[in-house]
Structures are given as C-alpha cells and as structure tokens.
Amino acid sequence: MLKILLVDDSATDRRLIEGLLNKCLHFSVATAADGAIALQEMKTNAPDVVVTDLQMPNIDGLQLVETVRSLYPLIPVILITAEGSEEIASRALQRGAAGYVPKPRCSELLCETIDHVVAIARTESSFEQLIDRATLSQFEFSFENDFALIAPLLELVQRMAMGMGVCDETSSVQISLAIEHAVLNAIYHGNLQIGNAMNGDRTLMEERLKTAPYKNRRVHISVMITPQEAKIVVRDEGPGFDVKELSANERKSALLGERGRGLCLMWAFMDTVVFTNHGNTVTMVKHRVVPQPPVQSVQSQKSPKLPAIMGLLHPVGGGKAISLDKARMIAGRDPNCDIFIKSSSISHHHCLLYTHQGWWYVRNLKSTNGIKINHVAFNQHLLRPGNVLSIGKYDFKIDYEPIALGAEGIDPPPDPF
C-alpha cells in the first residue's frame, strides 16, 4: 500500500483531497497542515510520495520541495497548483518537484499522477557498477506508434543517466517524464495528428493507428549521454507545426490549461528544449547536476545561517547590482533563469554560479559565446572576491565575504570540477 503525505494549510481542501485519495484502495493517507509539520512527520514515518499545496505559511510548497529533495531524494513530490501560483509552480518543478496537478482537476488526474510518478521513481538499476565506468552512451531507435515501447525506453535512459552521474534520483525522474511527454507528443500530435496529446479522441486514435498514412509514420529517438550531460532528440514524421517562441507568461499559463501540460513539464525539467522550424523535431538537454551539501533540518542549530544576500555582481559599466541570494543560480537569456540577462549576446542557459565550502564558483553550461574570469578564458572555476566575471559582452565584479558563507579559512578548497 502506497503511503501518501498530503500537505495543505486549508482544512477544507485537506478533507476533500484526502477523501479523493482514500477512494484509491492502495493508498494510505497522512496529512499535515504545513511544510514544517510535514518534515517532522517524515522523520518518523517516511511516505512513498508527498502531495503538497504551494501557498502555505511557515514552509511553503517551494521550500518543501527543495528540502525533501535534499533530505529524502528518493521521495517524489507532486504539486497541487491553483490559479495564481503559476510562477512558484514553475520554480518548484525546476528545483525538484516530480509533477503537478491543477487543483480543479484533482479528481481526474491526482491518483493516476501519483501512481505514474511513483512507478518511475522506483525504477531500479542492476547495472550500476558497469555504468559507473562508462564514458559515453549513445543509441538510436526508430519505432512505430507503439505506446508499450515507451516504458523500457525511459528505464534505459534513467539507468544510464544516473549511473554516469548526470543526475540524481529526482532529476532522473524528471528526465524520464520529459522524454515520455516528448514521445507522446510525437505520436499524438505529430504522427497521428490528434489535437490534444493527453486527452485525444480515443476512437479517432484507434482509427488512425490502422489507417495510412498515419499508421506508417514512425518515431525516431536519439540519445547521447556523457558524464557531463544527457541529450535526447525526438522526431516524428508528421507535418509539423508553426513554431513560435513562447513567452514566459504563456509557458506559465500552460500549467493550468487543458493543453500544453507536456510542453510545460519538458521546459521545467530540462535545461534546454529546442524545436526545429518545422516543429516535428525537439532536442532536449539536461546538464550534470552539481551536488549540493545536505540541507540541515529547519530546526537544526548546528550549521550557521547564511545571509539573505550571499554576494553581489556589480556591472562594471554601471547599473544596478545583481544579488546572489541562492547557493546555486543559473544566468542566461531565458526569463526563467535566476539571473536574467536580456541580450542577444547571452545564451539560453549561459553559466552556473554555485557556492562550495564558502566560495563562489562558476561553470560554463556549454554556451556558444563563453565566459571569462578577469577577461581570460578560465581554466579553473573559482571566483575570488574582486574578480571580474564576463558573461557575453557584460562584465561583473563579484563581491562577497567567504567567511559569511561558511568558509573555514583564507584558502579556498580544491576545485570541485
């Protein structure tokens, strides 16, 4: 029996959703009124999955996602989204949530989503020692519109990506879900030309699976995994569609809509999602997850509290300073980046800034125009206070105090890369 922990500060909503979950005979449901209570409950009675509302007092849904990912990486978190929570839901999906269900559609989707996410999260790897030693995994598939082939494909990619260190347990679930939606879209939207990928007309689908030209079309999948990234290309043989760059607001609105849910998850879970001009090929890239120090319990007093502002990037040419307020921040042209730089000289996801034992480091996320430290192409990743970081054509002087971020001495630790 699956153990579900339901977290919602509304007693009315808790009762309604708990009643819905109890109708599924294989669920055992415990409840918590906010994130802090949920974390206390998890210490003594770990659930199989957490289902949480986003907007709550004390610890909200976003904070709960981040803490559960650090303390309990094998436990997936599913969000219940309400209208008005699109922005925080997008951030939560990017930071570790395994899925979401719009609150108005809980009765329709919640039980199915829980079963689906848990099944993927429980995928076991029996080839860990061999995969650990792999330096490149590359394979290509071409298959008919056969939904039964999706599950083994996901398991294969999940095992290889985790074994080669590209991702942790949570990110492996996210990669699997992104690939699944890309393949489903290729079959439904592309090859069968059915309007709604997840709720298409079943009679029409069964008819087109037997009718030319739809039945003769195939799905082509290319996967390349290295210790640095996983790259997946999915192509269908349909007529495609007119690709237009969607704004951040349009992406967020897809969270609660009937359509676009698969695209929303692909954007949230992968670092790069690019369609060809004809729309029948999508390339998705997931960069290696940078390990973070374990998050201490919210009630633990052992670790020093980090300052609200962990550093500043001062534009050398003048302008407002950019606050470094998280231990891991991505800079780039995408509005969903932590540091949004609106310039054509900046790549979609350009670089990763992260703290390591009290010092700031930078990593190039395979951007096309590179980054520099003190105007020199870097061969190390450490950003000392006072260094000039060049992002595209922009220069930023970095300002922070290592001791305030927990540095133990005046010498930085070895470069984690």
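Scroll up for the structure.
What comes next concerns the included structure.

## Considerations on the state of the cysteines
According to the stated counting rule, one finds 1 disulfide in the structure shown. Put simply, Cys 24 and Cys 111 are joined by a disulfide, and their sulfur atoms are 2.5 Å apart. Linking Cys 24 and Cys 111, the disulfide has an S-S dihedral of approximately 110 degrees and is accordingly described as right-handed. Taken as a pair, Cys 24 in the loop between α1 (11–22) and β2 (27–32) and Cys 111 in helix α5 (residues 106–121) lie far apart in primary sequence, 87 residues in all. Judged by its relative accessible area of 14%, Cys 24 falls in the buried class. There is no disulfide at Cys 106, and the cysteine sulfur nearest it, in Cys 111, is 9.3 Å away. Free cysteine: Cys 337, not disulfide-bonded; nearest cysteine sulfur from Cys 351 at 9.0 Å. A relative accessible area of 9% means that Cys 337 is categorised as buried.

## So, the packing of aromatic side chains
Under the defined criterion, the tally for this structure stands at 3 aromatic pairs. Ring geometry for Phe 139 versus Phe 141: centroids 5.5 Å apart, planes at 65 degrees, classification edge-to-face. Under the relative-accessibility criterion, Phe 141 is labelled partly exposed at 32%. Taking the centre distance of 5.6 Å and the plane angle of 35 degrees together, the rings of Phe 147 and Tyr 188 count as tilted. Here Tyr 188 lies in helix α8 (residues 169–191) and Phe 147 lies in the loop between β6 (137–143) and α7 (150–163), a separation of 41 residues in the sequence. Overall, Phe 147 belongs to the partly exposed group, its relative accessible area being 29%. You can call Tyr 188 buried: its relative accessible area is 14%.

## A closer look at empty space enclosed by the protein
For the coordinates displayed, the defined rule picks out 3 cavities of 30 Å³ or more. What lines the second largest cavity is simply Asp 271, His 287, Arg 288, Arg 328, Ile 330, His 349, Leu 352, Arg 363 and Leu 365. Across the lining of the second largest cavity, the residue classes tally to 3 nonpolar, 2 polar and 4 charged.

## Looking at the sheet that holds strand β5 (residues 99–102)
Ordered by their spatial adjacency, 5 strands build an open sheet running β2-β1-β3-β4-β5, and the pairing between neighbours is parallel. Taken across any chain shown, the strands that pair with only one partner, and hence form the sheet edges, are β2 and β5. Averaged over all neighbouring strand pairs, the angle between strand axes comes to 25 degrees, with direction disregarded. Sheet topology places strand β1 (residues 2–7) next to β2; 6 bridges connect them, and they run parallel. Counted as the bridge partner of Leu 5 is Ala 30 from β2. The strands that helix α4 (residues 86–94) touches are β4 (77–81) and β5; relative to β4, the one it contacts most, it runs at about 170 degrees. Its contacts with the sheet place α5 against β1, β2, β3 (49–53), β4 and β5, and it is angled at close to 170 degrees to β5.

The rules we used
- Residues numbered from 1 in each chain as written.
- Predicted model: local features only at pLDDT ≥ 70, side-chain atom pairs only at ≥ 80, totals over all residues.
- Heavy atoms only, no water.
- Disulfide = S-S within 2.5 Å.
- Helix = DSSP H or I, 4+ residues; strand = E, 2+ residues; numbered from the N terminus.
- Buried < 20%, exposed > 50% of the residue type's maximum accessible area, 1.4 Å probe, protein only.
- Phe/Tyr/Trp six-rings, centres within 6.5 Å; stacked < 30°, edge-to-face > 60°.
- 1 Å grid on protein atoms, 1.4 Å probe; cavity = no way out; pocket = protein on both sides within 12 Å on 5 of 7 lines; lining within 4 Å.
- Points joined across faces, edges and corners; volume = space filled by probe spheres on them.
- Nonpolar A, V, L, I, M, F, W, Y, C, P; charged D, E, K, R; others polar.
- Pairing = 2+ DSSP bridges.
- Axes fitted to C-alpha atoms, helices over the stretch in contact; angles between N-to-C directions.
- Contact = heavy atoms within 4.5 Å.

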